Amino acid sequence: MAKASKKTVKKGSKKAKAEPRAKSKAAKSKAEKSKAAKSKVSKSKSSKAKAPKAKAPKAKLANKAANKTGAKKAPKKTVKKAVKHVSNAPAKAGKVAKAPVAKKPAAATPAEIRTVVEAPKAPRPTKPKAPRKPKAAVDREAQQREAAAPAATERAASNTFYVTTAIAYPNGQPHIGHAYEAIATDAIARFARLDGKEVFFLTGTDEHGLKMIQTAQNEGLTPAELAARNAGRFREMDERLNVSFDRFIRTTEPAHHRSVQAIWNRMQQNGDIYIDVYSGWYSVRDEAYYAEDETRLNNDNVRLGPQGTPVEWVEEKSYFFRLSAYQDKLLALYESNPEFIGPDSRRNEIVSFVRGGLKDLSISRTTFDWGVRVPDDHEHVMYVWVDALTNYITGIGFPDEDDPNWKYWPADVHVIGKDIIRFHAVYWPAFLMSAGVPVPKRVYAHGFLFNRGEKMSKSVGNVVDPFTLADQYGVDQMRYFFLREVPFGQDGNYNHEAIVARINADLANDLGNLAQRSLSMIAKQLGGVLPEPGELSANDKSILAEADAMIGAARKAMATQQIHQWLNAVWSVVAEANRYFAGEAPWALAKTDPPRQRTVLYVTAEVIRQIAILTQPVMPAASAKLLDSLGIPEDERDFARLGGEDRIAPATQVPAPQAVFPRYIEPAAQ
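Every value quoted in this text rests on a predicted model; they were computed, and no experiment measured them.

Counting across every chain of the model gives 32 salt bridges. As a salt-bridge pair, Asp471 and Arg240 come within 2.7 Å of each other at their nearest N and O atoms. Residue Asp471 is located in helix α13 (residues 466-473), and its partner Arg240 is located in helix α6 (residues 223-240); the two are separated by 231 residues in the primary sequence.

Right, let's talk about helix α16 (residues 538-558) for a bit. Compared with an ideal rise of 1.5 Å per residue, which puts 21 residues at 30 Å, α16 spans 31 Å between its outermost C-alpha atoms and is within 8% of the ideal. Along α16, the sharpest change in direction is near 30 degrees and occurs at Ala549. Taken together, the buried positions of α16 are Asp540, Ile543, Leu544, Ala547, Asp548, Met550, Ile551, Ala554, Ala557 and Met558. On its buried side, α16 packs onto α4 (176-194), α17 (563-584), α19 (594-614) and β20 (646-648).

Okay, the sheet that holds strand β6 (residues 288-290) next. Strand order in the open sheet formed by four strands is β6-β5-β9-β11, and the pairing between neighbours is antiparallel. Of all the strands in the sheet, the pair left with one neighbour each is β6 and β11 (361-362). Summarising the sheet, strand β9 (residues 312-321) and β11 pair through two bridges and their orientation is antiparallel. The residue bridging Phe320 from the neighbouring strand is Ser362, located in β11. Packed on one face of the sheet, helix α12 (residues 421-435) meets β6, β9 and β11 and runs near 30 degrees to β9.

Turning our attention to the confidence of the model for the protein chain. This prediction gives the protein chain a mean pLDDT of 82; 76% of its residues lie at or above 70. For the stretch residues 1-6, pLDDT sits under 50, and the model shows 13 contacts to residues farther than four places along the chain or on other chains. In this model residues 33-156 is a low-confidence stretch, pLDDT under 50, and it forms 204 contacts with partners more than four residues away in sequence or in other chains.

Below, the discussion takes up the nonpolar core. Membership of the largest hydrophobic core comes to 97 residues, with the highest contact counts inside it found for Phe482, Trp566 and Leu614. No other element matches α4, which puts twelve residues into this core. Setting aside chain neighbours within four positions, we find Trp566 in contact with Ala187, Phe191, Ala554, Ala557, Met558, Leu614, Pro617 and Val618.

To continue, consider helix α15 (residues 496-525). One full turn of an α-helix is made of 3.6 residues, so residues set three or four places apart face in the same direction. If you look at α15, its biggest bend is around 40 degrees, right at Gly512. Of the residues that open α15, the one with a side-chain oxygen 3.1 Å from the backbone nitrogen of Glu497 is Asn495.

Inspection of every chain in the model, using the stated rule, returns 26 aromatic pairs. Seen from their ring centres, Tyr162 and Trp409 are 6.2 Å apart, and the 65 degrees between their planes marks the pair as edge-to-face. Placement of the pair is Tyr162 in strand β2 (residues 160-165) and Trp409 in the loop between α11 (391-394) and β15 (413-417), with a sequence separation of 247 residues. We note that Tyr162, like Trp409, is buried. Ring geometry for Tyr334 against Phe340: centres 6.2 Å apart, planes inclined by 25 degrees, an arrangement best described as stacked. Taking relative accessible area as the criterion, Tyr334 reaches 2% and is therefore assigned buried. Taken together through their ring pairs, the aromatic side chains of Tyr162, Phe200, Tyr392, Phe398, Trp406, Tyr408, Trp409 and Trp428 make up a single cluster.

Summarising burial for strand β3 (residues 198-205): seven of the eight residues are buried, a large majority. At this point the chain moves from β2, through α4, to the parallel β3, and the crossover so formed is right-handed. Note that β3 and strand β4 (residues 247-250) share four bridges and pair parallel. From the neighbouring strand, Thr203 faces β4, where its bridge partner is Phe248.

Moving on: the side chain of Arg365. Tracing the chain through its elements places Arg365 in strand β12 (residues 364-365). A distance of 3.4 Å separates the side chain of Arg365 from the side chain of Thr367, its partner in a polar contact.

Once that is clear, we can look at the sheet that holds strand β19 (residues 492-494). Spatially, the three strands line up as an open sheet ordered β18-β17-β19, and their pairing is mixed. Two strands bound the open sheet, and with one partner strand each, they are β18 (454-455) and β19. Where strand β17 (residues 449-451) lies against β18, two bridges are found, and the strand directions are antiparallel. Looking across to β18, one finds that Asn451 is bridged to Glu454.

Here is what the cut-offs are and how they apply
Residues numbered from 1 in each chain as written. Predicted model: local features only at pLDDT ≥ 70, side-chain atom pairs only at ≥ 80, totals over all residues. Heavy atoms only, no water. Salt bridge = Lys/Arg side-chain N within 4 Å of Asp/Glu carboxyl O. Helix = DSSP H or I, 4+ residues; strand = E, 2+ residues; numbered from the N terminus. Expected span 1.5 Å × (residues − 1). Bend = angle between axes of the 7 residues up to and from the residue. Buried < 20%, exposed > 50% of the residue type's maximum accessible area, 1.4 Å probe, protein only. Contact = heavy atoms within 4.5 Å. Pairing = 2+ DSSP bridges. Axes fitted to C-alpha atoms, helices over the stretch in contact; angles between N-to-C directions. pLDDT = per-residue confidence, 0-100. Core = buried A, V, L, I, M, F, W, Y, C linked by side-chain atoms within 4.5 Å. Polar contact = N/O pair within 3.5 Å; in protein donor to acceptor, adjacent residues only side chain to side chain. Phe/Tyr/Trp six-rings, centres within 6.5 Å; stacked < 30°, edge-to-face > 60°. Right-handed = clockwise from strand over helix to strand, strands pointing away.

Below you can see the structure in the form of structure tokens.
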């Protein structure tokens, strides 16, 4: 029998009809150019009025050590023509007092206090007040927000979708935690693509900072050599796990250095950067500063930060970002956009932290040189989080806002680990507000993975190599397990037994067996031709309705990154389809009622088609094999084909079925 020209047909039609397509690329490009032209005209009008030029604030160092080195005047900055939303003149600031410092505990021992630069034996830092922000700078911020508003509105109305992972710190090899974030974000990106969005997916590595220097020294390498070696391994992990990133960014790229210096200049011109001396607790492992009340002494008299990592007392000259000026603005952001932080538990944590009061943030270091240099003051390199966070806009062209990829900003969602939520939900939007760049739409923090209830640790010996896991269980099986087993946003456990149970029960038995049995009947008893259905029974209509409803449930879940709920909805239908198939018993109908058998097999094939399309973001290779077995063309596998408007085309010649999900058998039993 001849193959049908199309493999799906519109509901109520026996002939396949072509799915109406979206606007052509040319028409879309024309619309985008028109929008860009209007935006440029608007920006041109708003940039005509310029404020009078003023000097940048002077720095005043109040302790003896700082007076020896001498404070440099903050350099005057001018804005390049390519930089938008920034006036050409920073407002005049008064004299600068010392920045906030942490109070050094009297009970600390000499072994506990390790100064990074020479400091008094018993440092007694005072708590100076940061200079008040000039009124002109505040007025200018309002202008920046107004200038940014049209761009944000235009972006919101577009069909683009921008998603990112946190960039991994490559001072070591990738572990399962890195893999979990990568495959979860990949599932989000693939879901959006299949749902008709124009997606940009960014991932990469954060290659600067003191940890990289220390690790490189321990291995007899330069930081650049260590970064190149390990960044390559992270990229290999993404490729091995079928992660469909559009760009893999490295923060050592010259383009990224230019981007970070551009955002620094914008923040400095807005009056939000000044120089002083930092004294307080610093965690090398976290690359983070902590207030004393966030630290504690353990049983070995070692002071630890909130993440359980050692902290050391640091005193050095530093540039500061005026984070304290953004407390009200951040609270207003959280209030006006409740979806900015997810899940809710993380939102509550951040709102509480910000309401407790924000201190100005040290954003440069002078004790090492592996990083992005501060513009016009190369004695300083930037604090790693100014550098790292800016990757999200470097990756799509910043500071060139005429770059074709800039249309993706603001990001739809930054997917990160819960341990770095503060940096993304507090520091990052504050930096962007200062620089006159729209803030991202959402920051979503996933939880930790525990190996049999224990956090991964080299000392415990339970760190799992994702390459080994993929080789042992299969890439799609591994992806499915973590995304189905762990509620996204919460901590989760994994172990060998749990992985095997999901593979054998959910994949091999439930979905795999259903597909294999039904398609084998079509191949053997109907000559490999998808049958024409007869009149649908109540049972037929019920299971089809459940399959049609999956896409709506999935979209609702994915609007808030609830990947596990999307998969729960799909596997609920898988279970119902198995009950339907067993109850209808098409193997018996072959003898007693062949027309009814053909209807049952057709309905089952249609349900499997919808399941296979909807599982593609999680199991791209396995789902593609299922769709191949049903004879579905590649251009008919997007979500527009779900929901009941399209049905699989009768009279389609399907290939011989193949086992897609083999059972996992323990190596010792083979």
